[in-house]
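# Structural description and commentary
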Amino acid sequence: MRAGGLAGEIVGYARSPETRAVAKDLFCDRVTETAAEAVRDADLVVLAVPVGAMGEIAAEIGPHLKPGATVTDVGSVKQAVVDAVAPHMPADVHFIPGHPLAGTEYSGPRSGFATLFRNRWWLLTPAPEADADAVARLRALLVAMGANVDEMDVEHHDLVLAVVSHVPHAIAYTMVGVADHMRRVSQQEVIKYSASGFRDFTRIAASDPVMWRDVFLTNKEAVLDILGRFAEELFVLQRAIRMGDGDHLHAYFTRTRAIRRGIIEAGQDTAAPDFGRSAPPPDKG
Ligand SMILES: NC(=O)c1ccc[n+]([C@@H]2O[C@H](COP(=O)([O-])OP(=O)(O)OC[C@H]3O[C@@H](n4cnc5c(N)ncnc54)[C@H](O)[C@@H]3O)[C@@H](O)[C@H]2O)c1
Ligand SMILES: O=C(O)C(=O)C[C@]1(C(=O)O)C=C[C@@H](O)C=C1
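Residues numbered from 1 in each chain as written. Chains lettered and ligands numbered in written order. Predicted model: local features only at pLDDT ≥ 70, side-chain atom pairs only at ≥ 80, totals over all residues. Heavy atoms only, no water.

## Topic: the sheet that holds strand β4 (residues 70–73)
With parallel pairing, the three strands of this open sheet are ordered in space as β3-β4-β5. On the outer flanks of this sheet lie β3 (44–47) and β5 (94–95), each paired with one strand and no other. Here four bridges tie β3 to β4, and the two strands are oriented parallel to one another. Note that in β4 the partner of valine 45 across the bridge is valine 71. Across the sheet, helix α5 (residues 132–144) is in contact with β3, β4 and β5; its angle to β4 comes to roughly 55°. (Pairing = 2+ DSSP bridges. Helix = DSSP H or I, 4+ residues; strand = E, 2+ residues; numbered from the N terminus. Contact = heavy atoms within 4.5 Å. Axes fitted to C-alpha atoms, helices over the stretch in contact; angles between N-to-C directions.)

Structure, rendered in C-alpha cells:
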C-alpha cells in the first residue's frame, strides 16, 4: 500500500515497542500503543495476527471502529476467524475475511516487501449478505497491490487450503522431524548433503511455530480429512515399492507430474525456470 500510494495514512499497532519502531521506520505513518487507538477513524482495518489471536484483537477494537469501516484479515484459516471476529463487529461495520496466498517462512515487519502480493491469489470469503460496494472497494485495493482476487465460501476455502498449503506444511514438518530423529544419519550429513527437494522442505519447516500451531488447531477437520487420504495413498505407494511394482509407480508419478505441468502452464509458478520456452519440454519417452 505504501509503495503504491494506495492509502492516505497507514497507522500500525503491534504489541512490542520494538516491532512498532520497525514498522514506523519501514511503512507506517504512525504507530499507536493500543489497537483501539490505531483503528479510530480508519476506513480499512487489516488484522494480521495468528489465527488464534484474531478474536482477542477483534474484541479490543470492536467498540472503537468507525461506522461504515471495513475490517478484513489475512488469516490462513477462515471459519475459525469468522467465528472469533464476527461476534465483535458492530452492525454498521463491514467484515470481509481475506487470505493472501503469499508469504515466506519469515515473520515480523521486516519480512514484508512491496511485491509480495504481485500476481498472487488473494481469496476473499465474504458472507452472502456482505455489502457489495465494500467488497468491491477492498477487491480494487488488493488488485492495485498486484493481487488476483477470487471469492470463495468459507468452508470450501478451508478445505482447499488444507490440500494446497496446510497438509503440505504438515508433511514438510514431519519429514524434517524424521531427519532430525535419525541416528544412523547425522545432523551434519543431513545439512551437508541435503538435496534440493529436502532443502525446500526445510525452508517450509522453518515457518513460524505459533502461526502453524494455530492453523492446525483451527483447521482440524479439513486437515485430518486430507491427512487421512495422504496416509492411504502413502500405504499404497509403500506397498508398490515393497512389491517392486514399477508399473504402478510409473503410472502414479505420470499422473502427479501432470499437476505440476498444469501449474506451470497456468503461469502459477513464478519460480519455475522458463528454459526460454513457454511449454514444458517434451517427454524423453
Ligand atoms: N507468513 C505467511 O506465509 C502467511 C501467508 C498468508 C497468511 N498468513 C497469516 O497472516 C497472519 C499473520 O502472519 P504473519 O506471517 O504476518 O506473522 P508475523 O509473525 O509476521 O506477524 C504476526 C504478529 O502478530 C503478533 N501477535 C501474536 N499474538 C498476538 C496477540 N495476541 N495480540 C496482538 N498481536 C499478536 C506477533 O507478535 C506478530 O507481530 C496469520 O494469521 C497467518 O496465518 C501468513
Ligand atoms: O511459501 C511459503 O513460505 C508459504 O508457505 C506461504 C503460504 C503457502 O503457500 O502455503 C503459507 C501460508 C499461507 O496462509 C499462504 C501462503
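So, next bit.
## A look at the confidence of the model for the protein
Per-residue pLDDT for the protein has a mean of 93; in total, 94% of the residues score no lower than 70. Within the model, pLDDT remains below 50 along residues 275–281, and this stretch shows three contacts once partners closer than five positions in the same chain are excluded. Prediction confidence for the complex, expressed as pTM and ipTM, is 0.92 and 0.97 respectively. (pLDDT = per-residue confidence, 0-100.)

## Remarks on a nonpolar patch on the surface
There is a patch of nonpolar side chains on the surface, built from Met175, Val178, Met182, Val185 and Phe201 and spanning about 350 Å² of accessible area. For methionine 182, a relative accessible area of 35% translates into the label partly exposed. (Patch = residues over 30% accessible without salt bridge, like charges linked within 9 Å, V, L, I, M, F, W, Y side chains within 5 Å. Areas by Shrake-Rupley, 256 points an atom, 1.4 Å probe, with all protein chains shown as cover. Salt bridge = Lys/Arg side-chain N within 4 Å of Asp/Glu carboxyl O. Buried < 20%, exposed > 50% of the residue type's maximum accessible area, 1.4 Å probe, protein only.)

## Quick word on the pattern of salt bridges
Tallied over the full model, the rule gives eight salt bridges. One salt bridge connects lysine 66 with aspartate 43, and the closest N-O pair in it is separated by 2.7 Å. Here lysine 66, found in the loop between α3 (54–61) and β4, pairs with aspartate 43, found in the loop between α2 (35–39) and β3; they are 23 residues apart in sequence, far enough to count as distant. Two residues, arginine 203 and glutamate 105, come together in a salt bridge whose shortest N-O distance is 2.6 Å. Linking arginine 203 in helix α8 (residues 196–204) with glutamate 105 in the loop between β6 (98–100) and β7 (121–124), this pair joins segments that are 98 residues apart in sequence. When its relative accessible area of 40% is taken as the criterion, arginine 203 is described as partly exposed. What makes glutamate 105 buried here is its relative accessible area of 15%.

## Let's talk about the site of ligand 2
Residues in contact with ligand 2, as listed here, are Ser76, His99, Pro100, Ala102, Gly103, Thr104, Glu105, Ser165, His169, Arg203, Met211 and Trp212. Serine 76 is positioned with one of its side-chain polar atoms (N or O) 2.7 Å from an oxygen atom of ligand 2. Side-chain polar atom of histidine 99 to an oxygen atom of ligand 2: 2.6 Å apart, as the coordinates give it. Those elements giving two or more residues to the shell around ligand 2 turn out to be β6, α6 (154–181) and α9 (209–218). Taken together, the residues of the shell around ligand 2 sort by class into four nonpolar, six polar and two charged. (Near = heavy atom within 4 Å. Polar contact = N/O pair within 3.5 Å; in protein donor to acceptor, adjacent residues only side chain to side chain. Nonpolar A, V, L, I, M, F, W, Y, C, P; charged D, E, K, R; others polar.)

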